[in-house]
Amino acid sequence: MINSPLNYSGNKAKVVDQILKYFPENITRITEIFAGSAIISLNSNVQNITLNDNQITTIQLLKYFDRNTGTKIIQDIDQIIADYQFTDSYRNGRKKYPEKKHEGLSIYNKTAFQQLKQDYNNNPTVDKLFALNIFGFNHYLRFNAKGEFNVPVGKVDYTESLRKKTIDYANIMKQKNIEFYNYDFRNPKLYEGATENDLFYFDPPYLITDAPYNASWKETDELDLLQILDQLDNRNIRFALSNVLKSNGKENSILKEWARRYHIHYIHRQYRNANYRRKNKSEAEEVLITNF
């Protein structure tokens, strides 16, 4: 399985096999409407892929990996590491950077990260954006109302495992025929010309969870999305929707009632609360809803 070096928050890396086993074999194109790291379609055996995301920075990063080799991308990041004097545990080992109070590498990288963030906000380039994703807190891609990157420094750096993911991810991109779009999910252009051999995969923000990337998703968005799914079904076009019916005492009653007309597949995942070092399982009912 190919993992993404973007560490996109909320991605499906741990449940790819559970999702793909429900996909039919006779698919000529997968369209991911909320692409994120595109980990589902890239791990499928489907050759033709459409990746859409309403966040332009997400599309910029995906194109970066599609249009460059993993070796070139690693060279770009190593240059940034050298220029800004980030830690380099890949070459120097972790012993060179003693950890204090469970802060990881953040105390060593705070100044460099602040400078890189300032430089990116003044002159955004995609290599800087990927570096910010690597060195940022929880690998978030978050921007303020002015469009400025505003994530604090994280605890890790560009490790050996992330470098391997960079190579593998760039390689798999070259093996697929990929089209990229930067539309809102309601844009009808995304659904024009679709046939019964297409599959649309949706992994939207979740209405009832509290993660930062879900904050802007409202009930009106949920209802608009469900209407689009019904329209696809009326056209005999296949879809698969990842979501949660329950999470931490909350229930998505809108989704639960709507899903009764389709097939509900339960996805098993062990959730952990990132705020604690100990395991902290949360109550979540994760599902894949399909019309096939």
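This is a predicted model, so every value here is computed, not measured.

1. Looking at unusual backbone geometry
1) Next: A positive phi angle is found at Q85, which is not glycine, with a value near 65°.
2) Next: Of note in the backbone geometry, N236 takes a positive phi value of approximately 60° without being a glycine.
3) Next: Tracing the chain through its elements places N236 in the loop between α9 (219-234) and β5 (238-247).

2. Examining the nonpolar core
1) Next: Among the nonpolar cores identified, the biggest contains 41 residues, and F65, F86 and F130 are the most heavily contacted of them.
2) Next: Of all the secondary-structure elements, those providing two or more residues to this core are β2 (48-52), α3 (56-67), α4 (70-84), α6 (106-122), α7 (126-135), α8 (160-174) and β3 (177-181).
3) Next: Among all residues touching F130, those that are not within four sequence positions of it are P5, L6, L61, Y64, F65, I73, I77, Y158 and T166.
4) Next: Within the second largest apolar cluster, 24 residues are counted, among which are L190, Y191, L241 and I289.

3. Digging into the pattern of salt bridges
1) Next: Enumeration according to the criterion identifies 14 salt bridges in this entry.
2) Next: Between R94 and E99 there is a salt bridge, and its shortest N-O distance comes to 3.8 Å.
3) Next: Accessibility expressed as a relative area gives 40% for R94, which makes it partly exposed.
4) Next: Taking the relative accessible area as the measure of exposure, E99 reaches 44% and is therefore partly exposed.
5) Next: The closest approach of N and O atoms between K256 and E251, which form a salt bridge, is 3.2 Å.

4. So, the packing of α4 against α8
1) Next: Between α4 and α8, whose axes approach to 8 Å, the crossing angle comes to 145°. Handedness of the α4/α8 crossing: right-handed. Residues G70, T71, I73, I74, D78 and I81 of α4 touch α8, and the partners they reach there are R163, T166, I167 and A170.
2) Next: Classifying every residue of the contact of α4 with α8 gives 5 nonpolar, 3 polar and 2 charged.

What counts and how
- Residues numbered from 1 in each chain as written.
- Predicted model: local features only at pLDDT ≥ 70, side-chain atom pairs only at ≥ 80, totals over all residues.
- Heavy atoms only, no water.
- Helix = DSSP H or I, 4+ residues; strand = E, 2+ residues; numbered from the N terminus.
- Core = buried A, V, L, I, M, F, W, Y, C linked by side-chain atoms within 4.5 Å.
- Buried < 20%, exposed > 50% of the residue type's maximum accessible area, 1.4 Å probe, protein only.
- Contact = heavy atoms within 4.5 Å.
- Salt bridge = Lys/Arg side-chain N within 4 Å of Asp/Glu carboxyl O.
- Axes fitted to C-alpha atoms, helices over the stretch in contact; angles between N-to-C directions.
- Left-handed = near helix turned anticlockwise from the far one by under 90°.
- Nonpolar A, V, L, I, M, F, W, Y, C, P; charged D, E, K, R; others polar.

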